[in-house]
Structures are given as C-alpha cells and as structure tokens.
Amino acid sequence: MTAPIAVTVDEVAPEVTYDLRRAVLRPGGGDVVWPGDEDPGTVHLAARDAAGRVVGVVRLSPAPCPWRADPAAPWQLRGMATDPEVRGSGAGRALVAAAVAAVVERGGDLVWCDARVTAAGFYERLGFTVVREPFDKPGIGPHVGMVLAPAER
Ligand SMILES: CC(C)(COP(=O)(O)OP(=O)(O)OC[C@H]1O[C@@H](n2cnc3c(N)ncnc32)[C@H](O)[C@@H]1OP(=O)(O)O)[C@@H](O)C(=O)NCCC(=O)NCCS
C-alpha cells in the first residue's frame with residue numbers, strides 16, 4: 001500500500017484526459033479519442049495532485065446498460081486510468097467516488113462498465129458487482145461486465 005496522496009477531482013475538457021489514456025490504456029497505440037467524447041452530455045473528470053499534475057482520469061456518459069434493462073438512467077464509466085506513480089494511493093478511489101456523485105447529480109441510477117479483469121478487484125472494492133462472465137476485447141484483453149446502483153449502496 002502506497003501512502004495516500006491528496007487529490008482534487010474536477011470536470012475537465014476531453015483533451016485533458018488523452019495523455020493518460022494514451023500512456024495507460026493504449027500503450028501499444030490505438031485511438032485515445034473515442035466516439036462520444038465531445039458529446040455535451042459526456043462528463044470527463046481528472047484527478048490532480050497538489051502540484052496540479054493530472055494523475056487520474058475517467059469518462060462518464062449516458063448509455064443503455066448491456067446487462068440490465070430496468071435502470072431508468074444508466075451511465076457508462078469508461079477510460080479509467082491512474083498514473084502508475086500514484087497507484088494504490090487513493091486517486092482511483094477519489095475519481096470513482098466523484099464519478100458516482102456526478103452521475104447521481106445528473107439523475108443517473110446505475111453506473112456500468114466493461115472492466116479489465118485485472119481491474120475488477122478495484123471496482124469491487126468500490127462497490128461494483130460483476131454481472132457478466134469474462135469476454136475478450138481484441139487487442140486489450142479479457143473484461144467483465146460490472147454495475148453499481150448508487151441507491152443500493
Ligand atoms: C485500476 C486503477 C484505476 C486503480 O487505481 P489506483 O489509483 O491504484 O486506485 P486506489 O489507490 O484508489 O485503490 C482503491 C482500492 O482498490 C485497491 N486496488 C487498486 N487496484 C486494484 C486492482 N487492480 N485489483 C484489486 N484491488 C485494487 C487498492 O488497494 C485500494 O484498496 P483499499 O480500499 O484497501 O485502499 C489503476 O491501477 C489503473 O489505472 N490501472 C491500469 C488501467 C486500468 O486497468 N484501468 C481500468 C480499465 S477498466
């Protein structure tokens with residue numbers, strides 16, 4: 001466990017998230033600008049350390065959940081990444097907390113994500129549940145479907 005660091009999480013323009021997406025999520029190349037990034041309803045969050053450096057990013061957008069038909073206002077969480085230098089120090093937790101709060105603020109009742117199997121334990125610690133068995137995303141690796149209903153926590 002790394003020592004906790006203080007981060008502030010704020011809504012940012014999409015391009016603020018691209019460097020960390022590239023470094024962490026697409027190190028072998030591939031698009032870091034995704035459909036929907038510029039949609040007015042899409043929310044991009046960045047965590048910054050005390051020096052103002054972006055150490056974590058995530059994106060949220062309203063989107064039907066592939067595994068649950070009942071939620072009235074489902075949101076997809078995507079593009080979650082923290083700087084390897086700060087891993088285990090709470091930046092990811094702070095980002096997901098802010099992401100869930102942002103969804104609730106906008107009337108959302110479910111957060112879902114395609115989680116890398118390697119990150120599923122992280123999401124579970126933050127209250128998400130696996131609802132789909134592992135499936136492969138070509139070029140990226142195995143994923144599981146996960147959901148969190150804020151009102152049920
Ligand atoms: C997954 C990721 C976002 C976690 O970020 P982080 O900044 O290390 O997260 P935190 O330090 O806030 O960790 C929160 C908790 O989850 C735990 N945790 C972190 N990563 C974990 C993992 N991969 N598996 C299991 N638990 C994990 C931490 O130990 C911590 O536990 P605690 O409650 O006992 O303190 C980060 O490792 C990452 O960017 N990974 C590569 C990209 C990736 O896989 N993104 C997700 C795509 S779906």
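The chain is annotated in an unreviewed UniProt entry as Acetyltransferase (GNAT) family protein of Blastococcus mobilis.

A. Main features of the pairing of strand β6 (residues 129–137). Sheet topology note: the β6/strand β7 (residues 141–148) ladder contains six bridges and is antiparallel. Paired with Asp136 across the bridge in β7 is Pro142. Counting the residues between successive antiparallel strands, the hairpin from β6 to β7 contains three residues, one of them, Gly139, with a positive phi of roughly 85°.

B. Spotlight on the sheet that holds strand β4 (residues 74–82). Read across the open sheet, the seven strands follow the order β1-β2-β3-β4-β5-β7-β6; overall the sheet is mixed. What marks the edges here is a single partner per strand, and that holds for β1 (8–11) and β6. Direction aside, neighbouring strands of the sheet carry axes that sit 25° apart on average. Strand contacts of helix α1 (residues 18–25): β2 (43–48), β3 (54–62), β4 and β5 (110–116), with the helix running at about 75° to β4, the strand carrying the most contacts. Each of β1, β2, β3, β4, β5 and β7 is contacted by helix α2 (residues 91–105), which is oriented at about 160° to β4, the strand it contacts most.

C. Up close: the environment of Arg116. With respect to the helices, strands and loops of the structure, Arg116 is situated in strand β5. Along the sequence, Arg116 and Gly79 sit 37 residues apart, while their C-alpha atoms lie 11 Å from each other. Ignoring sequence-local partners within four residues, the contact set of Arg116 consists of Val24, Leu25, Arg26, Ile140, Pro142 and His143. Engagement of the side chain of Arg116 in a polar contact is seen with the backbone oxygen of Leu25, the distance being 3.2 Å.

D. Structural detail: the packing of aromatic side chains. Summed over the entire model, instances satisfying the criterion amount to three aromatic pairs. Aromatic side chains Trp67 and Trp112 sit 5.3 Å apart centroid to centroid with 90° between the ring planes, which places their arrangement in the edge-to-face category. Placement of Trp67 in the loop between β3 and β4 and of Trp112 in strand β5 is noted, with a sequence separation of 45 residues between them. According to the relative accessible area criterion, Trp67 is partly exposed, its value standing at 22%. Their ring planes at 65° and their centres at 5.1 Å tell us that Phe122 and Tyr123 sit as a pair that is edge-to-face. An aromatic cluster is defined as three or more aromatic residues linked by ring pairs; in this entry it consists of Phe122, Tyr123 and Phe128. Directly above the aromatic system of Trp34 lies the positively charged group of Arg21, at a separation of 3.8 Å from the ring centroid. Between Arg78 and the ring centre of Trp34, over which it is positioned, the NZ or CZ distance is 4.0 Å.

E. How the structure looks around α1. For α1, every residue scored as buried is listed here: Tyr18, Leu20, Arg21, Val24 and Leu25. Down the axis of α1, the sector holding all buried residues measures 160°, keeping them to one side. What points out from α1, more than 90 degrees from its buried face, is the exposed set Asp19 and Ala23.

F. Expanded view of the site of the ligand. The local shell around the ligand holds 21 residues, among which Met80, Thr82, Gly88, Arg93 and Thr118 are the closest. Contacts to the ligand include Arg87, whose side-chain N or O atom sits 3.3 Å from an oxygen atom. Measuring from an oxygen atom of the ligand, one finds a backbone N or O atom of Gly90 at 2.9 Å. When the free accessible area of the ligand is taken as 910 Å², the share hidden by the protein chains comes to 76%. The greatest single-element share of the shell around the ligand, amounting to four residues, is contributed by helix α3 (residues 120–125).

Cut-offs used in this document
Residues numbered from 1 in each chain as written. Predicted model: local features only at pLDDT ≥ 70, side-chain atom pairs only at ≥ 80, totals over all residues. Heavy atoms only, no water. Pairing = 2+ DSSP bridges. Helix = DSSP H or I, 4+ residues; strand = E, 2+ residues; numbered from the N terminus. Axes fitted to C-alpha atoms, helices over the stretch in contact; angles between N-to-C directions. Contact = heavy atoms within 4.5 Å. Polar contact = N/O pair within 3.5 Å; in protein donor to acceptor, adjacent residues only side chain to side chain. Phe/Tyr/Trp six-rings, centres within 6.5 Å; stacked < 30°, edge-to-face > 60°. Buried < 20%, exposed > 50% of the residue type's maximum accessible area, 1.4 Å probe, protein only. Lys NZ or Arg CZ within 6 Å of the ring centre and 35° of its normal. Arc of directions from axis to C-beta. Near = heavy atom within 4 Å. Areas by Shrake-Rupley, 256 points an atom, 1.4 Å probe, with all protein chains shown as cover.

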